[in-house]
Amino acid sequence: MDKLKGPPVSFNDVAVDFTQEEWKQLDADEKAMYRDVMLENYSHLISLGYDFTKPNMIIKLEQGEEPWIIEDDFPSQNHPGNIAQNI
């Protein structure tokens, strides 16, 4: 089997973070789908042999807590709406 080229994938590469305000805008079905997808992504990385500390987001989701983050801690992301601001 050929090895994949490039840097390894991290959980942060496949995770989506929400601020408290963004989290409030999701309905119950969207929150449930988010929980399922994030837990599944984490499970897939573990099954592939990635060895890293369990992210706080996963711990919160497993405990039924809301996973939003404080807006000051929100990572800078290049969303299409932010492209003009980054030029």
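Computed from a predicted structure; not experimentally measured.

J.: When you look at the environment of Asp-36 in this model, what are you seeing that I'm missing?
T.: Within the element layout of this structure, Asp-36 appears in helix α3 (residues 28-47). Each C-alpha atom of the pair Asp-36 and Leu-61 lies 9.0 Å from the other, and the pair is 25 residues apart in sequence.

J.: What is the right way to look at the packing of aromatic side chains in this model?
T.: To describe a pair of aromatic rings, you give the distance between the ring centres and the angle between the ring planes. Counting across every chain of the model gives five aromatic pairs. Both rings, one in Trp-23 and one in Tyr-34, keep their centres 5.4 Å apart while their planes meet at 75°; by these two values the pair is edge-to-face. Remark: Tyr-34 occurs in helix α3 and Trp-23 occurs in helix α2 (residues 20-24); sequence separation between them is 11 residues. Comparing Trp-23 with Tyr-34 shows no difference in burial state: the two are buried.

J.: How do you make sense of the pattern of salt bridges when you look at a structure like this?
T.: Side chains bearing opposite charge may pair, as long as their charged atoms lie close to each other. Summed over all chains, the structure comprises two salt bridges. Here Asp-36 ties to Arg-35 by a salt bridge, and the two come within 3.8 Å at their closest N and O atoms. Look at Arg-35 and you get partly exposed, because its relative accessible area is 34%.

J.: Got a minute to help me understand the confidence of the model for the protein chain in this structure?
T.: Should the pLDDT be low somewhere, the predicted coordinates at that spot are not to be read in detail. For the protein chain, the average pLDDT comes to 79, and 72% of its residues sit at 70 or higher. A low-confidence stretch, residues 78-87 stays under pLDDT 50, and its non-local contacts, those more than four residues away or across chains, total two contacts.

J.: Got a minute to help me understand α3 in this structure?
T.: Three or four residues apart is the spacing at which side chains of an α-helix point the same way, because the helix has 3.6 residues per turn. Here α3 contains 20 residues, and its C-alpha end-to-end distance of 28 Å stays within 8% of the 28 Å for a straight helix at 1.5 Å per residue. Here α3 has its buried residues at Tyr-34, Met-38, Leu-39, Tyr-42 and Leu-45. Take α3 and look down its axis: the buried residues cluster within an arc of 125°, on one side only. Turned more than 90 degrees from where α3 packs its buried face, Ala-28, Asp-29, Met-33 and Ser-47 sit exposed. Lining the buried residues of α3 we find α1 (11-14), α2 and α4 (56-62). N-cap assignment for α3: the residue whose side-chain oxygen lies 3.1 Å from the backbone N of Asp-29 is Asp-27.

About the criteria used
- Residues numbered from 1 in each chain as written.
- Predicted model: local features only at pLDDT ≥ 70, side-chain atom pairs only at ≥ 80, totals over all residues.
- Heavy atoms only, no water.
- Helix = DSSP H or I, 4+ residues; strand = E, 2+ residues; numbered from the N terminus.
- Phe/Tyr/Trp six-rings, centres within 6.5 Å; stacked < 30°, edge-to-face > 60°.
- Buried < 20%, exposed > 50% of the residue type's maximum accessible area, 1.4 Å probe, protein only.
- Salt bridge = Lys/Arg side-chain N within 4 Å of Asp/Glu carboxyl O.
- pLDDT = per-residue confidence, 0-100.
- Contact = heavy atoms within 4.5 Å.
- Expected span 1.5 Å × (residues − 1).
- Arc of directions from axis to C-beta.
- Polar contact = N/O pair within 3.5 Å; in protein donor to acceptor, adjacent residues only side chain to side chain.

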